[in-house]
Amino acid sequence: MIIVMKPKTKQEEIEKIRVRLSQLGCEVRDIKGLNYHIFGLIGNTNLVDPDRLLANEGVEKVIHVQEPYKIANRLFHPEDTIVEVAGRKIGGGNFAVIAGPCSVESEEQIACVAEAVKAAGAGFLRGGAFKPRTSPYSFQGLREDGLELLKLARQKTGLPVVSELMSVEHLPRFIEDVDIIQIGARNMQNYELLKAVGKTNKPVILKRGLSSTIEELLLAAEYILAQGNNQVILCERGIRTFEKYTRNTLDLSAIPVIKKLSHLPVIVDPSHAGGIWWLVEPLAKAALVVGADGIMIEVHNDPVNAKCDGQQSLKPERFASLMDSLKELAKIEHKNI
Ligand code: PEP
Ligand code: MN
């Protein structure tokens with residue numbers, strides 16, 4: 001439930017309403033803007049009587065939130081959420097570019113890719129240290145050593161780093177070592193993991209599950225938000241459909257839909273969606289035009305010999321030329337890149 005206060009309502013009247021709502025047993029969230037004050041109620045609102053609330057002079061309207069996700073709902077936060085990481089902004093008209101290899105393989109590899117993507121204008125470095133592979137016999141990542149190498153690359157380039165967390169057990173290490181925690185598609189509904197990252201104040205990229213609906217994605221985000229962490233970035237990375245040509249089907253319509261339903265930034269991962277290197281460029285461009293707040297792209301200095309996802313990785317030169325096109329498109333779409 002949302003309670004919208006009239007503009008210019010006195011602070012004591014606002015406080016009076018807040019106290020009353022708390023007494024009725026719901027969790028009250030304040031949503032404040034320059035000229036508005038809104039209360040967002042979470043939990044059991046059975047005891048809240050909208051008519052009695054409306055009898056208060058300062059109450060403008062009471063809205064029932066139909067959707068099961070509340071804090072992620074745009075009704076709870078009319079303005080775009082902007083997540084700030086090391087002085088860089090994600091959301092609210094900024095187009096963030098996260099690039100790097102699928103997995104960290106060696107000091108030379110991650111340093112080389114980091115330098116290249118930075119030179120091309122990427123704002124963040126990605127690199128998997130713990131890899132969720134479909135086969136247990138595939139390369140599983142360098143694990144803690146991978147995080148060390150990512151830190152070295154960050155030191156050299158100044159790029160904040162993104163890496164995937166797969167287990168609560170590794171969370172303390174990730175809090176220390178990475179700038180943004182990635183929750184992968186396979187763990188989108190690992191609710192204990194979501195609650196654990198929700199208790200931190202680290203920005204989180206939450207990827208859409210392999211066969212998840214938009215509502216399930218927003219409810220997964222709600223798990224993180226409900227624990228107090230509001231720095232959540234959603235990521236559309238393609239979903240399973242009957243089509244087999246591409247690795248997944250990029251659900252481009254999810255972007256404007258999510259932007260309508262939620263205030264959270266949404267980025268696109270065209271690499272895991274298309275699954276083939278030459279699809280990355282058109283899908284990345286489409287992502288910008290359709291309103292995404294950024295992209296996450298796999299780049300490798302030697303895709304043919306990559307330990308993971310070489311077929312969908314861009315070489316640094318191609319990534320640089322994609323960045324040039326994106327910069328042109330950003331001008332037309334009034335986005336900061
Ligand atoms: C990844 O980004 O490396 C990854 C494994 O992606 P997803 O979780 O979307 O499959
Ligand atoms: Mn990958």
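Our subject is the structure that appears above.
For the structure given in this document, a descriptive report is provided here. (Residues numbered from 1 in each chain as written. Chains lettered and ligands numbered in written order. Predicted model: local features only at pLDDT ≥ 70, side-chain atom pairs only at ≥ 80, totals over all residues. Heavy atoms only, no water.)

### Focus on the site of ligand 1
Phase 1: Around ligand 1, a shell composed of Arg-126, Lys-131, Pro-132, Glu-164, Gln-182, Gly-184, Ala-185, Arg-186, Lys-207, Arg-237, His-272 and Glu-298 is seen.
Phase 2: Interatomic distance of 2.8 Å between a side-chain N/O atom of Arg-126 and an oxygen atom of ligand 1.
Phase 3: Contact between ligand 1 and Arg-237: an oxygen atom at 2.6 Å from a side-chain N or O atom of the residue.
Phase 4: Taken by itself ligand 1 offers 290 Å² of open surface, and the protein chains cover 97% of this.
Phase 5: When each cavity is represented as a set of grid points, ligand 1 is found to reside in the second largest pocket. (Near = heavy atom within 4 Å. Polar contact = N/O pair within 3.5 Å; in protein donor to acceptor, adjacent residues only side chain to side chain. Areas by Shrake-Rupley, 256 points an atom, 1.4 Å probe, with all protein chains shown as cover. 1 Å grid on protein atoms, 1.4 Å probe; cavity = no way out; pocket = protein on both sides within 12 Å on 5 of 7 lines; lining within 4 Å. Sits in = over half its atoms within 2 Å of the grid points.)

### Here's the deal with the sheet that holds strand 4 (residues 59–63)
Phase 1: Ordered by their spatial adjacency, 4 strands build an open sheet running 2-3-1-4, and the pairing between neighbours is antiparallel. Looking at which strands have only one partner, the edges of the open sheet turn out to be strand 2 (27–32) and strand 4. Averaged over all pairs of adjacent strands, the angle between strand axes in this sheet comes to 20 degrees, irrespective of strand direction.
Phase 2: Bridge count between strand 1 (residues 2–5) and strand 4: 4 bridges; the pairing is antiparallel. The partner of Ile-2 across the bridge, within strand 4, is Ile-63. (Pairing = 2+ DSSP bridges. Helix = DSSP H or I, 4+ residues; strand = E, 2+ residues; numbered from the N terminus. Axes fitted to C-alpha atoms, helices over the stretch in contact; angles between N-to-C directions.)

### Observations concerning the pairing of strand 9 (residues 161–164)
In the case of a regular strand, side chains alternate between the two sheet surfaces.
Phase 1: Of the two faces of strand 9, the one carrying Val-161 and Ser-163 and the one carrying Val-162 and Glu-164 are both buried.
Phase 2: Note that strand 8 (residues 124–126) and strand 9 share 2 bridges and pair parallel. Residue pairing for strand 9: Leu-125 is matched across the bridge by Val-161.
Phase 3: Following the chain from strand 8 across helix 4 (residues 144–157) to the adjacent parallel strand 9, one finds a crossover that is right-handed.
Phase 4: In the sheet, strand 9 pairs with strand 10 (residues 180–183) via 3 bridges, with the strands oriented parallel. Residue pairing across strands places Glu-164 opposite Gln-182, the latter belonging to strand 10.
Phase 5: Crossover connection from strand 9 via helix 5 (residues 171–177) to parallel strand 10: handedness right-handed. (Buried < 20%, exposed > 50% of the residue type's maximum accessible area, 1.4 Å probe, protein only. Right-handed = clockwise from strand over helix to strand, strands pointing away.)

Spatial relationships are all this shows, so hold off on functional conclusions.
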